[in-house]
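One letter stands for each residue in the lines below.
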2 protein chains.
Amino acid sequence: VILTVTLNPAWDVTYRVAALEPGQTHRVERVEARPGGKGINVARVLAALGEQVLATGLVGGPTGDSIVAELAVDSDFARISGESRRTVAVWSEADGQTTLLAEPGPYVQPYEWAEFTTGFGKLAAVSEVVVLAGSLPPGLADASYAELIGRSPAPVVLDAAAEPLRVGLGAQPALITPNADELASAMGTGTDVTELIEVCRRLEVPVAVTLGTSGAVLSTPAGSWSARPPTVVHGNATGAGDAFTAALARGLARRFDAPDLLADAVALSTSSVMSPVAGEVDLHTYRRLRSAVMVREL
Amino acid sequence: VILTVTLNPAWDVTYRVAALEPGQTHRVERVEARPGGKGINVARVLAALGEQVLATGLVGGPTGDSIVAELAVDSDFARISGESRRTVAVWSEADGQTTLLAEPGPYVQPYEWAEFTTGFGKLAAVSEVVVLAGSLPPGLADASYAELIGRSPAPVVLDAAAEPLRVGLGAQPALITPNADELASAMGTGTDVTELIEVCRRLEVPVAVTLGTSGAVLSTPAGSWSARPPTVVHGNATGAGDAFTAALARGLARRFDAPDLLADAVALSTSSVMSPVAGEVDLHTYRRLRSAVMVREL
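So, here's what we can say about the structure. (Residues numbered from 1 in each chain as written. Chains lettered and ligands numbered in written order. Predicted model: local features only at pLDDT ≥ 70, side-chain atom pairs only at ≥ 80, totals over all residues. Heavy atoms only, no water.)

**Observations concerning the interface of chain A and chain B**
- Each partner contributes to the interface: chain A provides 24 residues, whereas chain B provides 24 residues.
- Here chain A meets chain B over a buried area of about 2100 Å², counting both sides, of which 60% is carbon and sulfur.
- Looking at the side of chain A facing chain B, the largest losses of area belong to A:Tyr15, A:Pro22 and A:Leu101, adding up to 23% of the total buried there.
- Listed by contribution, the elements that provide at least two residues to the side of chain A that touches chain B are β2 (10–17), β3 (25–27), β7 (85–92) and β8 (98–102) of chain A.
- Looking at the side of chain A that touches chain B, the element that brings in the most residues is β8(A), giving five residues. (Contact = heavy atoms within 4.5 Å. Buried area = accessible area lost by both parts, 1.4 Å probe. Helix = DSSP H or I, 4+ residues; strand = E, 2+ residues; numbered from the N terminus.)

Below, the structure written as C-alpha cells:
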C-alpha cells in the first residue's frame, strides 16, 4: 500500500458567478465542493490507476467530516480540535478566469502533532512508499516533514516547498518532486533549466523536477535524465504536479529504473493536463503516451 | 415577545486579503464568521435594546448548526435536509473594498415548508409582533410570506423585496419596511421621493420607507410623516435597514403613535450607521438622537 499524508487538507469549494467585480455583491449561481490538498489528490490519482492507497493526515470540525466523507479512497485521518480549512475558487463566466482564496488552516496543538506522529509511524511501517505532500497548517514547525521522514521505515517522496522542503532535505527522503519555482526558491537560485540541473546534481537526495512544457528532469547520485512529452500539450494544468508525484511514488514501489520512472511520471502528468476534468487522469492518453515519451541521459 | 423569521439565514464569513486580484491565488490572512440574515440581525438589535425576542426560521446541515450555536439570542429554528448557505465577504486591505459572494441557499422541500408553517402558527400565536425579513431560499414560492402573514394572529412587519414583497402586500401585513429601491422596483415606479410618497399613499398597507440620507417616510391610511436625523451622518450603512425594522417592530408592540414610531426608527437606524461595528447599535447615540429627530406631517 502507498500511504499519502495531507497535513492541511481542504474542502475545495467552487463558486460560479456571472462576472467577478471587486467591491460588488455577487449572487453565486452554482456551488460545488470536494476534498482537496496535494496528498489527497495524489491518493485519488493512485486509486484511479488501481493502486492500493491509504490517505492519512489531520482533519477537524464539520469541514473535516465533509473531507473524510467525500474522499472516495481508504483513509485513516487523525482528528484535531481546530476546524479544517476551505478554499474558495470563484469562476467568472464572463472571462473564464478563476480567482482562488485559500484559508490558512487550523492551528495544530503540540499534543495533536505528537499523537499523529505516533500513528504515522505505525502506518508507515506497513507501507511500501510514503508520500508527504502540500503545505503545513499553522502551529507545525518547518521541520515537521523532516520528523516524519525520520520516523518512516518506508521510502518517502516529499512534495513540499520553501522551508519545509529545505529542512526536509536534511532528513534524506527517497525523492523530492518540486516544480522549477519551488526548487529555485528553496535553493536560492534562478529558474534557468541549466542552473536547476546543476543544483539537482549537487544534492545528495534524488530530485524529480517538473519544467512545465519542457518536461521534467530526474537527477540521482547515479546520473541525470531529461524527458519530454512527444508534443507540447495545452489544457488543464491543475493537478499535473500531483499526477507527477503519484506516478513517481508508484514507480518507486515497483522499483522502476530511473529512465522508466521519469518517462512514466511525464506520461501520467501530461495525460492529466489533457484531461477535461482538473486533477483527473485520462488513462487512455496515459497508455498511449507511456511509450512515446523520450528520455535522454544528461 | 417579538418573533423574527429568517427563512434563508447565512453563515457570514469574512476573508481578509492583502489585495483582491481577479484570476490570482490569494492567501487569506484572517477568517471571521458569524450568523447572518436580515431576521437574525433584527433579532440581535432587539436583544441589544433589552427586548424579549425569539428567532425562528429554517436551518440545515453543519452550517445550520454553526448559525444556531452562535446566535446569542433565544431561537427555535426548524431543521431542513439541505445545508444552510454561506456568504463570503472578501475584504481587501489595499483599497478597503469588500466584495460579497452570496450562495443561493438550500432547496426547501414542500413537506419541510408545511411543517414550518404549522410551527410558525403556534409561535406567532404567543408573540406580540412578528417580523418576516430577508430573501426566500430556493423551493419556496413567492407567496410564502403572504402565507405566513395569513397564519399569524399577531401583527406582521414585512421586510422583503421584489415578488415576495408585492405578493405579501395582498395579505395585509401591519407594516412593510422597504428601502426606496425595493419599493420602486416592487411597484414599478421611479425612486424619486415625491413619486414614492404618492405610491405609499395609494397603498392600503402602512409603509415605512427609508430614503438614505433623506431620512424616512411613514405612510398609513391615517396620514403620512417624514423624519430626518438632525445632521447627515456618514459611516457604516450595513445593518441600518435592519435597525430601522427592529425599531418599528418594537414600536408596534408598544403601540407608539405614528410620529413617535417613525422618529424612533430613524434615531435607531442612524445610530447604527454611526456605530463602528457593522450591524450593531450605539445605544448612547440612539438616546441622544431620539429627541433630536425632526418629524413633520406631509
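Following the structure, the description resumes.
**Digging into the relation of the copies chain A and chain B**
- When chain A is fitted to chain B, the residual RMSD is 0.0 Å, and the transformation amounts to a turn of 180° plus an axial shift of 0.0 Å. The transformation just described matches what one would write down for a two-fold rotation axis. In terms of C-alpha distance to the rotation axis, chain A has A:Pro62 as its closest residue, with the C-alpha 3.0 Å off the axis.
- Here 100% of the interface residues in chain A have copies in chain B that are interface residues too; the copies meet face to matching face. (Least-squares fit on C-alpha atoms with pLDDT ≥ 70 in both.)

**Some points on the side chain of B:Thr63**
Residues and elements named next belong to chain B.
- On the secondary structure map, Thr63 appears in helix α2 (residues 61–69).
- Residue Thr63 is classed as buried on the basis of its relative accessible area of 3%.
- Residues in contact with Thr63, not counting those within four places in the same chain, are Trp11, Glu83, Ser84, Arg85 and Arg86. (Buried < 20%, exposed > 50% of the residue type's maximum accessible area, 1.4 Å probe, protein only.)

**A short note on the nonpolar core**
- In terms of nonpolar packing, the biggest core is built from 104 residues, with A:Leu101, A:Leu268, B:Leu101 and B:Leu268 touching the most fellow members.
- When neighbours within four sequence positions are excluded, B:Leu268 is seen to be in contact with B:Val45, B:Leu49, B:Ala243, B:Ala247, B:Val281 and B:Tyr286. (Core = buried A, V, L, I, M, F, W, Y, C linked by side-chain atoms within 4.5 Å.)

**Structural notes on helix α6 (residues 180–187) of chain B**
All names here are of chain B.
- Every buried residue belonging to α6 is among Ala180, Glu182, Leu183, Ala184 and Ala186, and all of these are buried.
- The elements touched by buried residues of α6 are α1 (38–48), β10 (156–159), α5 (162–169), β11 (175–176), α7 (193–202) and β12 (207–210).
- Taking the backbone nitrogen of Asp181 as reference, a side-chain oxygen 3.1 Å away marks Asn179 as the first, capping residue of α6.
- Just downstream of α6, Gly188 is the residue with a positive phi angle, here 70°. (Polar contact = N/O pair within 3.5 Å; in protein donor to acceptor, adjacent residues only side chain to side chain.)

**Here we look at the pattern of salt bridges**
Residue and element names in this part refer to chain A.
- Inspection of the entire model under this criterion finds 22 salt bridges over all chains.
- The closest approach of N and O atoms between Lys38 and Glu182, which form a salt bridge, is 3.6 Å. Taken together, the positions of Lys38 in helix α1 (residues 38–48) and Glu182 in helix α6 (residues 180–187) put the pair 144 residues apart, joining distant regions of the chain.
- Overall, Glu182 belongs to the buried group, its relative accessible area being 17%.
- Here Asp264 and Arg290 are joined by a salt bridge, their closest N and O atoms 2.9 Å apart. Within this pair, whereas Asp264 is found in helix α9 (residues 258–273), its partner Arg290 is found in helix α10 (residues 283–290), the two being separated by 26 residues in sequence.
- Among the charged side chains, a salt-bridge network with shared partners connects Arg250, Asp260, Asp264 and Arg290. (Salt bridge = Lys/Arg side-chain N within 4 Å of Asp/Glu carboxyl O.)

**Comments concerning the packing of aromatic side chains**
- For the coordinates displayed, the defined rule picks out four aromatic pairs over all chains.
- Members of the aromatic cluster, connected to one another through ring pairs, are A:Trp113, A:Phe116 and A:Phe120. (Phe/Tyr/Trp six-rings, centres within 6.5 Å; stacked < 30°, edge-to-face > 60°.)

**Considering the pairing of strand β8 (residues 98–102) of chain B**
- Examined bridge by bridge, β3(A) and β8(B) share three bridges and lie parallel to one another. Within β8(B), the residue paired with A:Arg27 across the bridge is B:Ala102.
- Across five bridges, the pairing between strand β7 (residues 85–92) of chain B and β8(B) is antiparallel. By the bridge assignment, B:Val90 is partnered in β8(B) with B:Thr99.
- The hairpin turn running from β7(B) into β8(B), its antiparallel successor, is five residues long, and B:Gly96 in that turn takes a positive phi close to 70°. (Pairing = 2+ DSSP bridges.)

**Re the sheet that holds strand β4 (residues 30–36) of chain B**
- The strand order β3(A)-β8(B)-β7(B)-β2(B)-β4(B) describes an open sheet built from five strands, whose pairing is mixed. Bordering the open sheet on either side are β3 of chain A together with β4 of chain B, each of which pairs with just one other strand. Averaged over all adjacent pairs, the angle separating strand axes in this sheet is 20°, with direction ignored.
- Pairing between strand β2 (residues 10–17) of chain B and β4(B): seven bridges, direction antiparallel. Across the sheet, residue B:Val13 finds its bridge partner in β4(B), namely B:Ala33.
- Along the sheet, α2(B) contacts β2, β4 and β7 of chain B; its crossing angle with β2(B), the most-contacted strand, is approximately 90°. (Axes fitted to C-alpha atoms, helices over the stretch in contact; angles between N-to-C directions.)

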